[in-house]
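# Geometric and topological summary
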Amino acid sequence: MEKKYSTLLFDADNTLLDFDSAEEKALSRVLAEIGIDATKEITGLYSEINLSYWRAFERGEVTKSELRIARFADLFRKIGFHTDMDLVFIADTYLSYLGEGADLLEGATELCEKLRQEDYKIYIVTNGVAKTQKKRLSKSGLDRFLDGLFVSETIGSQKPQPEFFDYVLEHIEEKEKRKILVIGDSYGSDIKGACNAGLDCVWLNSRGEKNVNAFPITKEIKDLRELFGFFGLK
């Protein structure tokens with residue numbers, strides 16, 4: 001039986017890679033080095049600030065460079081922490097530690113391995129920092145399953161912008177949109193971008209968000225391992 005899809009465009013963070021774990025470890029480490037006790041309240045506050053900046057980045061309201069620095073400036077201001085250290089150095093140190101975060105979501109390696117055995121083409125489409133994402137994918141071992149990596153930083157546009165998906169579609173072998181599937185956790189970048197590009201998509205909605213814009217989502221799942229059944233993998 002012919003497969004419905006030939007090509008899979010996976011988001012990276014919190015779709016295959018466990019970004020929450022990597023973020024917590026990297027943040028705790030860099031904060032400790034500058035004299036801040038990384039309590040749950042502080043790490044939670046950073047996560048909120050970081051998420052708000054990434055959403056602003058997806059909307060084209062801030063640049064990647066601005067995001068990298070502003071999230072720390074906002075955090076320090078909100079917790080009343082003052083430092084003479086260069087925020088660029090702090091941000092770069094954090095990204096270096098983040099690059100060491102290679103934890104995966106449950107089932108990620110086995111899923112990619114079985115998909116490759118079934119001759120699916122597998123690509124990563126991510127808004128993350130190129131150097132950091134390459135390091136994490138290599139360290140996790142996922143890179144051996146990939147046919148390519150598309151990063152907003154190198155493309156010059158980000159998900160959900162049409163230009164990002166136009167670029168990806170121009171640089172992959174499959175040209176029939178009906179045979180391409182986007183898989184990601186972010187409603188505002190992966191799902192919105194895929195639907196606007198006319199691509200089918202699977203929404204890994206582990207947080208139970210609402211489809212507020214009534215996007216035509218092909219499949220909604222709560223756990224990555226549900227994809228074994230979706231693709232009929234044993």
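What comes next is a walk through the structure. (Residues numbered from 1 in each chain as written. Predicted model: local features only at pLDDT ≥ 70, side-chain atom pairs only at ≥ 80, totals over all residues. Heavy atoms only, no water.)

With that out of the way, let us pick up the sheet that holds strand E3 (residues 148–151). Strand order in the open sheet formed by six strands is E3-E2-E1-E4-E5-E6, and the pairing between neighbours is parallel. Taken across any chain shown, the strands that pair with only one partner, and hence form the sheet edges, are E3 and strand E6 (219–221). Between one strand axis and the next, the sheet turns by 20° as a mean value, whatever way the strands run. The pairing of strand E5 (residues 200–204) with E6 spans three bridges and is classified as parallel. What sits directly across from Leu-204, in E6, is Ile-221. (Pairing = 2+ DSSP bridges. Helix = DSSP H or I, 4+ residues; strand = E, 2+ residues; numbered from the N terminus. Axes fitted to C-alpha atoms, helices over the stretch in contact; angles between N-to-C directions.)

Turning next to the pattern of salt bridges. For side chains of opposite charge, pairing can occur when their charged atoms come near one another. Within the structure shown, the criterion is met by 15 salt bridges. Its salt-bridge partner being Glu-173, residue Lys-121 comes within 4.0 Å of it at the nearest N-O pair. A residue pair is termed long-range when its members are at least 10 positions apart, and Lys-121 in strand E2 (residues 121–126) and Glu-173 in the loop between helix H8 (162–170) and strand E4 (180–184) qualify at 52 residues. Lys-121 sits in the partly exposed class, given a relative accessible area of 30%. Each of Arg-116, Lys-121, Asp-147 and Glu-173 takes part in one network of salt bridges that share partners. (Salt bridge = Lys/Arg side-chain N within 4 Å of Asp/Glu carboxyl O. Buried < 20%, exposed > 50% of the residue type's maximum accessible area, 1.4 Å probe, protein only.)

Before going further, it helps to spend a moment on the side chain of Gln-158. On the secondary structure map, Gln-158 appears in the loop between helix H7 (152–155) and H8. Judged by its relative accessible area of 8%, Gln-158 falls in the buried class. Within the local environment of Gln-158, its side chain forms a polar contact with the backbone oxygen of Phe-57, the two atoms lying 2.5 Å apart. Apart from residues no more than four positions distant in its own chain, Gln-158 is found in contact with Phe-57, Glu-58, Gly-60, Asn-127, Ser-152 and Phe-164. (Polar contact = N/O pair within 3.5 Å; in protein donor to acceptor, adjacent residues only side chain to side chain. Contact = heavy atoms within 4.5 Å.)

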